[in-house]
Amino acid sequence: MMADAILLVHFLIAAFIVAGLVLVWVGAALEWRWVRNPWFRYLHLGAIAFVAAEALFGVMCPLTVWEDMLRGGARADSFVGRWVRYFLYYEAPEWVFTVAYIAWTLAALLTIRFVPPRSFKPHA
């Protein structure tokens, strides 16, 4: 049960990283104000930068480690666990993921540059 909860949190973080940037691009084109929220933008950048750093340094994601530990090394066998694992984990060489994470981090950095977040200071 706890392993499924960790898997679900892991999936939500991955969705935030992928969908967050896409929504910023769409939101910038449609002039949605919330896409310039600095808390959202820097949290997003930090999340993908953390994932890219893990990949660059060959560190396994703590959420994956905790989930595997709770499962005793076994695969998810609950309904939620099977589907979330299906969408979250793909088979490919490690370098493919590292390149993808770094590319997504660079895209997020460029987006900060070209669609800058508002200042943290409150507007008077």
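From a predicted model like this one, the values you see are computed outputs, not experimental measurements.

1. What to know about the packing of aromatic side chains
For step 1, the next point in the chain: In total, this model carries seven aromatic pairs according to the counting rule given.
For step 2, the next point in the chain: Ring centres 5.6 Å apart and planes at 65° place the aromatic pair tryptophan 25 and tryptophan 104 in the edge-to-face group. In this pair, tryptophan 25 sits in helix H1 (residues 2-30) while tryptophan 104 sits in helix H5 (residues 94-114), placing the two residues 79 residues apart along the sequence.
For step 3, the next point in the chain: In this structure tryptophan 25 comes out as partly exposed when scored by relative accessible area, which is 38%.
For step 4, the next point in the chain: Overall, the relative accessible area of 22% leaves tryptophan 104 in the partly exposed class.

2. What about empty space enclosed by the protein?
For step 1, the next point in the chain: Summed over all chains, the structure comprises one cavity of 30 Å³ or more.
For step 2, the next point in the chain: Size it by volume and the largest cavity reaches roughly 30 Å³.
For step 3, the next point in the chain: Taken together, Leu21, Arg41, His44, Leu45, Ala108, Thr111 and Ile112 make up the lining of the largest cavity.
For step 4, the next point in the chain: Residue composition of the lining of the largest cavity, grouped by class: four nonpolar, two polar and one charged.

3. A word on the confidence of the model for the chain
One rule of thumb: low pLDDT means the predicted coordinates there are not for detailed reading.
For step 1, the next point in the chain: Averaged over every residue, the pLDDT of the chain is 87; the share at 70 or more is 86%.
For step 2, the next point in the chain: Of all helices and strands in the chain, the one with the weakest mean pLDDT is helix H4 (residues 79-88) (62), whereas helix H2 (residues 38-57) scores best (96).

Reading guide: rules and limits
Residues numbered from 1 in each chain as written. Predicted model: local features only at pLDDT ≥ 70, side-chain atom pairs only at ≥ 80, totals over all residues. Heavy atoms only, no water. Phe/Tyr/Trp six-rings, centres within 6.5 Å; stacked < 30°, edge-to-face > 60°. Helix = DSSP H or I, 4+ residues; strand = E, 2+ residues; numbered from the N terminus. Buried < 20%, exposed > 50% of the residue type's maximum accessible area, 1.4 Å probe, protein only. 1 Å grid on protein atoms, 1.4 Å probe; cavity = no way out; pocket = protein on both sides within 12 Å on 5 of 7 lines; lining within 4 Å. Points joined across faces, edges and corners; volume = space filled by probe spheres on them. Nonpolar A, V, L, I, M, F, W, Y, C, P; charged D, E, K, R; others polar. pLDDT = per-residue confidence, 0-100.

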